[in-house]
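The lines below spell out each chain.
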Amino acid sequence: MWPFATSPSPAPAASPLGRPLTNSEAADPKLNPLNPEGLKPCCACPETKKLRDDCFLQYGSNADDGADSQAKCKEIVDNHLKCMRSLGFNV
């Protein structure tokens, strides 16, 4: 579980394969109707990704000693995870 997550990830949408999709499969519009543009994880949710990255740059990452990012960036990270999950990515 991501260090900022407060609850377990919701169950992924049903897939035609009968199991959760991998992230590379989630980028395939034929397998994942939630992602009709076929965005890869690196290119999905650019608005929330930029806000997340900017917050980590400003407040440090969890790996930094004494970093305050967990408290400062929690809502931003949660919004990015929500966006990624809405496209069918298993994060």
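Residue indices begin from 1 for each chain and proceed along its sequence in written order. The model is predicted, so local features are restricted to residues of pLDDT at least 70 and side-chain atom pairs to those at 80 or more, both for listing and for counting; the totals for chains, interfaces and linings are taken over all residues. Working from all heavy atoms in the structure, the side-chain values ignore hydrogens and water.

Student: Quick question: what am I supposed to make of the overall build of the protein chain here?
Tutor: Summing up its helical and strand segments, the protein chain has three helices and zero strands in all. Put simply, DSSP H or I for four residues or longer makes a helix, DSSP E for two residues or longer makes a strand, and each gets a number counted from the N terminus. When the helices and strands of the protein chain are read in sequence order from the N terminus, they spell out α-α-α. To sort residues, take the accessible area from a 1.4 Å probe on protein chains only and compare it with the maximum for the residue type: under 20% means buried, over 50% means exposed, and anything in between is partly exposed. Within the span of the protein chain, comprising 91 residues, buried residues form 27% of the whole. Throughout, a contact is declared for two residues whenever any of their heavy atoms are within 4.5 Å. Pairs at least 24 residues apart make up 54% of the contacts formed inside the protein chain by residues separated by at least 6 positions. Computed by Shrake-Rupley with a 1.4 Å probe, the accessible areas treat only the displayed protein chains as cover when residues are assessed. Here the protein chain has roughly 6000 Å² of accessible surface; of this, 57% comes from carbon and sulfur atoms.

Student: Could you clarify how one ought to interpret the packing of helix α2 (residues 46-59) against helix α3 (residues 69-86) in this entry?
Tutor: In a packed pair of helices, the relevant descriptors are the angle between the two axes and the axis-to-axis distance. Fitted lines through C-alpha atoms serve as axes, helices being fitted only where they are in contact, and the angles separating the N-to-C directions of these axes extend from 0 to 180 degrees. As a packed pair, α2 and α3 sit with axes 9 Å apart at the nearest point and diverge in direction by 165°. Here α3 runs roughly antiparallel to α2, going by the angle between their axes. The crossing of α2 and α3 is left-handed. Between α2 and α3, the residues in contact are T48, K49, L51, R52, C55, F56 and Y59 and S69, K72, C73, I76, V77, N79, H80 and C83, respectively. An angle below 35 degrees is read as roughly parallel, one above 145 as roughly antiparallel, one from 65 to 115 as roughly perpendicular, and any other as oblique. Handedness of a crossing is defined here by the sense of rotation of the near helix relative to the far one, left-handed for an anticlockwise turn of less than a right angle and right-handed for a clockwise turn.

Student: What's the story with the pattern of salt bridges in this structure? I'm lost.
Tutor: Oppositely charged side chains are able to pair whenever their charged atoms sit close together. What makes a salt bridge here is a side-chain nitrogen of Lys or Arg within 4 Å of a carboxyl oxygen of Asp or Glu, nothing more. In this structure the tally under the stated criterion is four salt bridges. The shortest N-O distance in the salt bridge between K74 and D78 comes to 2.7 Å. With a gap of four residues between them, K74 and D78 both fall in helix α3, about one helical turn apart.

Student: Mind showing me how you'd approach the nonpolar core here?
Tutor: Buried together is how nonpolar side chains tend to be arranged in soluble globular proteins. Judged by nonpolar contacts, L21, A26, A27, A44, C45, M84, L87 and F89 together constitute the single largest core of eight residues. Not counting the four nearest positions on each side in its chain, A44 is found in contact with L39, H80, M84, L87 and F89. Listed in part, the five residues of the second largest apolar core include C55, F56, V77 and L81. Take the buried residues of types Ala, Val, Leu, Ile, Met, Phe, Trp, Tyr and Cys, join any two whose side-chain atoms come within 4.5 Å, and each joined set is a nonpolar core.

Student: Is there a simple way to think about the UniProt feature "binding site: Cu cation" (unreviewed entry) in the protein chain in this case?
Tutor: UniProt positions are given in the numbering used here, feature names are shortened, and annotations may be inferred rather than shown by experiment. Within the UniProt annotation, "binding site: Cu cation" (unreviewed entry) is assigned to C42 and C43. Assignment of secondary structure puts C42 in the loop between α1 (23-26) and α2. Its place among the elements puts C43 in the loop between α1 and α2.

Student: Please explain the state of the cysteines as it appears in this structure.
Tutor: Where two cysteines share a covalent bond between their sulfur atoms, that bond is called a disulfide. By convention in this document, the label disulfide applies to cysteine sulfur atom pairs within 2.5 Å. A full pass over the atoms with the stated rule returns two disulfides. In this model, C45 is linked to C83 through a disulfide, with the two sulfur atoms separated by 2.0 Å. In this structure, the disulfide formed by C45 and C83 twists by about -95° around the S-S bond and is classed as left-handed. Placement of the pair is C45 in the loop between α1 and α2 and C83 in helix α3, with a sequence separation of 38 residues. Taken N- to C-terminal, the disulfide-bonded cysteines of the protein chain are connected 1-4, 2-3.

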